[in-house]
Every structure is written in C-alpha cells, then in structure tokens.
Amino acid sequence: AQSVTQPDIHITVSEGASLELRCNYSYGATPYLFWYVQSPGQGLQLLLKYFSGDTLVQGIKGFEAEFKRSQSSFNLRKPSVHWSDAAEYFCAVGERTGTASKLTFGTGTRLQVTL
Amino acid sequence: DGGITQSPKYLFRKEGQNVTLSCEQNLNHDAMYWYRQDPGQGLRLIYYSQIVNDFQKGDIAEGYSVSREKKESFPLTVTSAQKNPTAFYLCASSIFDSQSQPQHFGDGTRLSIL
C-alpha cells in the first residue's frame, strides 16, 4: 500500500513571503500525485496534479509543485503568499488496488498567514 | 453550475440511532466516494462506487452502509454500530474510477453525537 507523509503539521508565514509545503510518498511505480486545499468547514479543492512529463506543474491560485523521483517528493510552492491562502493543504497519491482505485491522503499541513 | 451537494451541513445523532447523509452530483460522474475526516488524520476512505448498483468497502467501512441506485446519488448511512461517529464526512466523485482522475468534493457534513 502507498503512503503519503506531510512532515509539517502547522506552518506560519508572513504575507508576501514564499511558501514551500513538503510531501513525500511511497510508491513503486510512477505515481499520480495531487495537491488539494481545504478552507475551514469546506470540502477540498484541487490545486494541481502530476501524472507524467514536465516535473514542474502549475496549478490554480499561483501554486506550483515539483516532482522529484529521486527524493520521492512532490513539494508545493508559492512565491508570494496572500492572507487568503490560509487553509489546510493535503497531498494525495492515486493508487490502483485490484479492480478499483483510491486516493491516499497525507495528514495535512495547516497554513497560517500573518499580516 | 455542476457540482456535488451534501446535506445536511450539520447533523446530530442520538445513541442507537441510524442517520443518513445525502450526496448528490450533477457532474455526470461514474465514480463516487465517501471519506471520513478527523483532526490530524487526513481523509480515510469509507466506501466507494465505480458504477450504479455497485459499491465496495474502503479502509474503514465498519458501522457504515451505502447504496447507489442512481448515478447522481450516493447516500451514506451511519449505523448505531459505529461507536465513534463524530467526524466531518466528505463525499467526492470522479469522471471514472482511475488513479489518474482527480476527485471533486462536496462541502461536507459535520456529524455530532447528542
């Protein structure tokens, strides 16, 4: 079974500062990787996804992520954080199990933005 | 606008009571999923359905049941056998069941015990 690790439970950054959220995965083959964002009391919104090809993927809201196979990582980045980016961020990997597929999520990183 | 509608937003359960959480999608997606979210634990898969009239247990199916009689609907029943039902429940769908397909989420139902 696959696993996803988000080592940072909580991160605080100042508005305008750069951001990097870490994600490590374990999977034998080429993974299907996703980043989602969740505002309090809301569902999850897809930020970006990686399947193959260019290892730097662009997403919505100015986010990007870089796939590094050698490090089994898929870190999320943003050059300049806005106060509205405060939320919880989840990394996920797509897995095929038998006749069905599933997403395995990390435990999330809560981002706080100070003004 | 297409999307996933979960209702109610808040739900309270008495001891020994079954409650049903609604999930409706108008995205014409074949696959639907139910997740449970607890603080610090991320999302855990309860049940999923690849197609109408078919569903499979996820990682934490005990104490839950589902049905998939229509493509657009995937209700979740939290039975009295689920001893710790307090959580945030999220419904999701994808175009079809594939590890490459992103899932689209509803806004969730928060279930609490009275």
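Remember, it's a predicted structure, so these values are computed and weren't measured experimentally.

Enquirer: It is not clear to me how the overall build of chain B should be interpreted in this structure. Could you clarify?
Expert: Across its full length, chain B carries 0 helices and 11 strands. Listing every helix and strand of chain B by position from the N terminus yields β-β-β-β-β-β-β-β-β-β-β. Computed over the C-alpha atoms, the radius of gyration of chain B is 13 Å, within 12% of the 13 Å expected from 2.2 N^0.38 for a compact globule of 114 residues. When its C-alpha atoms are laid out on the principal axes, chain B stretches across 35 × 30 × 30 Å. Surface exposure of chain B reaches about 5400 Å², of which carbon and sulfur atoms provide 46%. Positive and negative side-chain charges in chain B, numbering 11 and 12 respectively, have mean positions lying 8 Å apart.

Enquirer: Sorry, what's going on with the nonpolar core here?
Expert: Proteins that are soluble and globular tend to have nonpolar side chains buried together. The biggest cluster of nonpolar side chains holds 26 residues, and the ones touching the most others in it are Leu19, Trp35, Leu47, Leu48, Phe74, Leu76 and Tyr89 of chain A. Within the residue set of this core, elements represented by two or more residues are β2 (10-14), β3 (19-21), β5 (32-38), β6 (44-50), β8 (64-68), β9 (73-78), β10 (87-97) and β12 (109-114) of chain A. Among the elements that line this core, the one with the most residues is β10 of chain A, at 4 residues. Listed in part, the 20 residues of the second largest apolar core include Leu21, Met32, Ile46 and Ala87 of chain B.

Enquirer: Would you take a moment to explain the packing of aromatic side chains for this structure?
Expert: Aromatic ring pairs are described here by two measures, namely the spacing of the ring centres and the angle between the planes. The final tally for this structure, using the stated rule, is 16 aromatic pairs over all chains. Seen in terms of ring centroids, tyrosine 50 of chain A and phenylalanine 74 of chain A are 6.3 Å apart; in terms of plane orientation they differ by 45°. Their pairing is tilted. Separated by 24 residues along the polypeptide, tyrosine 50 of chain A in strand β6 and phenylalanine 74 of chain A in strand β9 bring together distant segments of the chain. In this pair, the class of tyrosine 50 of chain A matches that of phenylalanine 74 of chain A, namely buried. Ring centres 5.6 Å apart and planes at 85° place the aromatic pair phenylalanine 105 of chain A and tyrosine 35 of chain B in the edge-to-face group. Placement of the pair is phenylalanine 105 of chain A in strand β11 (residues 100-105) and tyrosine 35 of chain B in strand β4 (residues 31-37), with the two residues belonging to separate chains. Tyrosine 35 of chain B matches phenylalanine 105 of chain A in its accessibility class, with the two residues each being buried. Through pairs of rings, three or more aromatic residues link up here, namely Tyr32, Phe34, Tyr36, Phe51 and Phe105 of chain A together with Tyr33, Tyr35, Tyr48 and Phe105 of chain B. Positioned over the ring face of phenylalanine 74 of chain B is arginine 68 of chain B, at 6.0 Å from the centre of the ring.

Enquirer: So what exactly am I meant to see when it comes to the pairing of β11 of chain A here?
Expert: Across a regular strand the side chains alternate sides, sitting on one face of the sheet and then on the other. All names here are of chain A. Across the 6 residues that make up β11, a large majority, 6, are buried. Residues of β11 alternate between two faces, with Ala100, Lys102 and Thr104 on one and Ser101, Leu103 and Phe105 on the opposite face, all of them buried. Here 6 bridges tie β10 to β11, and the two strands are oriented antiparallel to one another. Residue pairing across strands places alanine 92 opposite phenylalanine 105, the latter belonging to β11.

Enquirer: Just checking my understanding: could you explain the sheet that holds strand β8 (residues 76-78) of chain B for this structure?
Expert: The strands making up a sheet associate through hydrogen bonds between their backbones, and the pairing can be parallel or antiparallel. All names here are of chain B. Spatial ordering of the open sheet is given by β1-β3-β8-β7, a layout of 4 strands whose pairing is antiparallel. Edge positions in the open sheet fall to β1 (4-7) and β7 (64-66), since each of these has one partner strand only. Each adjacent strand pair in this sheet contributes to an overall mean axis angle of 20°, direction not counted. Pairing of strand β3 (residues 19-25) with β8 involves 3 bridges; the strand directions are antiparallel. Along β8, the bridge assignment pairs valine 19 with valine 78.

Cut-offs used in this document
Sequence order as written defines the numbering, with residues in each chain counted from 1. Just so you know, chain letters begin at A and ligand numbers begin at 1, following the order they were written in. Reporting of local features is limited, given that this is a predicted model, to residues whose pLDDT is at least 70; pairs of side-chain atoms are given and counted only at 80 or more, and all residues count toward the totals for whole chains, interfaces and linings. To get the side-chain values, take all heavy atoms of the structure and skip hydrogens and water. Where helices and strands are cited, they refer to DSSP runs of H or I of at least four residues and of E of at least two residues respectively, numbered from the N terminus. What the globule rule says is 2.2 Å times the number of residues to the power 0.38, and the radius of gyration is computed from C-alpha atoms. Computed with a 1.4 Å probe, the accessible areas rest on the Shrake-Rupley method; for each residue, only the protein chains presented here act as cover. Charged-residue counts in this description rest on Lys and Arg as positive and Asp and Glu as negative, His and the chain ends being excluded. Here the site of a charge means NZ on Lys, CZ on Arg, CG on Asp, or CD on Glu. For the purposes of this section, nonpolar cores are sets of buried Ala, Val, Leu, Ile, Met, Phe, Trp, Tyr and Cys residues that join through side-chain atoms within 4.5 Å. Type-normalised accessible area, obtained with a 1.4 Å probe on protein chains alone, sets the label of each residue: buried when under 20%, exposed when over 50%, and partly exposed for intermediate values. Planes of paired rings set the category: under 30 degrees apart is stacked, over 60 is edge-to-face and the rest tilted, where pairs are Phe, Tyr or Trp rings (Trp by its six-membered ring) whose centres lie within 6.5 Å. Only when the NZ of Lys or the CZ of Arg is both within 6 Å of the ring centre and within 35 degrees of the ring normal is a charge said to sit over the ring. At least two bridges found by DSSP between two strands is the condition for calling them paired. Interaxial angle, 0 to 180 degrees, is taken between N-to-C directions of lines fitted to C-alpha atoms, where a helix line uses only the stretch in contact.

Bear in mind that shape data such as this cannot, by itself, settle questions of function.
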